[in-house]
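Report on the structure
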Amino acid sequence: MTVTAFKNARLLDPATGRDEIGTLVVEDGKIKALGTDAAAPKGATVIDCHGLCLAPGLVDMRVAVGEPGYEQRETIQSASRAAAAGGITAFAMLPNTHPVIDDIAGLEFIARRAREAKGVKIFAYGAATAGANGTNLAEMGLLAEAGAVGFTDGTRAIGDALTMRRALSYARAFGKVLVQHPEEPSLSANGQMNEGEIATRLGLSGIPRAAEIIMLERDLRLVELTHGRYHAAHLSTAEGIELIRHAKASGLNVTCDVAPPYFALTEVDIGDYRTFAKLSPPLRHDSDRRAIIAGIADGTVDAIASDHAPQDQDAKRVPFAAAAPGAIGLETLLPVALELYHKDMVGLLDLLACLTINPATILGLPLGRLAVGGPADLVLFDLDRPWVIDAGSLLSKSKNSPFDKRPVSGAVVMTVVDGRVVHQS
């Protein structure tokens, strides 16, 4: 029997509102006791946290991993190491691999490779359509039985309205969420960045904000029609946030997430054709950035996901128009998100809820909380430790970070999965 006690820790649990200095005891991978009255049992290994924050491990609901098919970008092993370094103890990977995860064999492969990695917990979405091509539905019932945490075509929007209606209906029948990349394909095709003055000055084709807004408006009508569970991923516009806010007020079963680039950067950060800032959806106006922060603060935004999208050098160190979109984000998720707390924009527990219990609840996972008898998935972090992000030293196999050289505060000290230390700095 292995017993570990974390004493003098600032225990933070958004699920219960807990914020206190106390002790958390782990026994055989489960939380045995926690709180101000908890004490280290005789013979336990004692870790003095010296007042550092001890919270549930982060749950990242949007991660692209290259394996299988694009191992030069990221493998399950390297993604697991990078996630652990970022305080993430569980993540859900998108189905946009080669082959696409649209059958049981694909899910079984991911589960096997995750067990072999012996790192963080890795779950997978099943593709909503066969090959994630947006036309014929995948075998959603079989995928649900095999453990898919939800359905999505990942980096591709489901553009056909009838297909989307059917996908919402079937996902509802199997008790799963349907996750959409809300970007109208015909409006975003061949676009390089946000449409506007800067795109014109740089001579780049633009993606209008309407591409997100139109898709969301259509999808929300379909949610009303089907009573399905709908999740809008990586929102980037003020109108998108407002649409979700209104949909929730109307009683629709909808949730959404945002990624750090959309509340920490704007189209200005593309600078002189900086390809690491080429994302999908693209970086938007500062007014959109501020609206996203307001959405996090008032609870409209349910989750903050890394939107980790690794790309190798051959895909990024090319002219901007030829570069692939996407940025890595596993190791920078927590410190960039904590900027909202340090700037007094979002309360600490509210912010952590977007990184722990909320995404876990959306995906139906019994994670993201500090609870006696629950899994000891924990992150110990120094809330105020300053450091500078260095993309070259990040553990992800790819290095395409738009936050390279950015000073931040908040460093992961230890990550624990089922009582096992999977990262320590």
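Residues numbered from 1 in each chain as written. Predicted model: local features only at pLDDT ≥ 70, side-chain atom pairs only at ≥ 80, totals over all residues. Heavy atoms only, no water.

Below, the discussion takes up the packing of helix α4 (residues 161-173) against helix α7 (residues 210-226). Two elements in contact, α4 and α7, have axes separated by 10 Å at closest approach and are oriented at 45°. Classified by the interaxial angle, the pair formed by α4 and α7 is oblique. At the point where α4 passes α7, the crossing takes the right-handed sense. For the pair α4 and α7, the contacting residues are A161, M164, R165, L168, S169 and R172 in the first and R218, D219, L222, V223, L225 and T226 in the second. (Axes fitted to C-alpha atoms, helices over the stretch in contact; angles between N-to-C directions. Helix = DSSP H or I, 4+ residues; strand = E, 2+ residues; numbered from the N terminus. Parallel < 35°, antiparallel > 145°, perpendicular 65-115°, else oblique. Left-handed = near helix turned anticlockwise from the far one by under 90°. Contact = heavy atoms within 4.5 Å.)

All right, on to the environment of L383 then. Tracing the chain through its elements places L383 in strand β16 (residues 378-388). Overall, the relative accessible area of 7% leaves L383 in the buried class. On a C-alpha basis, the gap between L383 and F263 in space is 19 Å, while along the polypeptide they are 120 residues apart. Residues in contact with L383, not counting those within four places in the same chain, are R10, C53, L338, Y341, H342, L348, S409 and G410. (Buried < 20%, exposed > 50% of the residue type's maximum accessible area, 1.4 Å probe, protein only.)

All right, on to the pattern of salt bridges then. Scanning the entire structure with this criterion turns up 19 salt bridges. Of the charged contacts in the structure, one is a salt bridge between D302 and K248, with a shortest N-O distance of 2.7 Å. One end of the pair, D302, is in the loop between α10 (286-297) and β15 (303-304); the other, K248, is in helix α8 (residues 238-249), and 54 residues separate them in sequence. Judged by relative accessible area, which is 13%, D302 ranks as buried. (Salt bridge = Lys/Arg side-chain N within 4 Å of Asp/Glu carboxyl O.)

Here the focus is the packing of aromatic side chains. This model, assessed by the stated rule, comprises zero aromatic pairs. For the cation-ring pair, R73 lies above Y70, with the distance from its terminal atom to the ring centre recorded as 4.2 Å. (Phe/Tyr/Trp six-rings, centres within 6.5 Å; stacked < 30°, edge-to-face > 60°. Lys NZ or Arg CZ within 6 Å of the ring centre and 35° of its normal.)

Just geometry here; none of it tells us what the structure is for.
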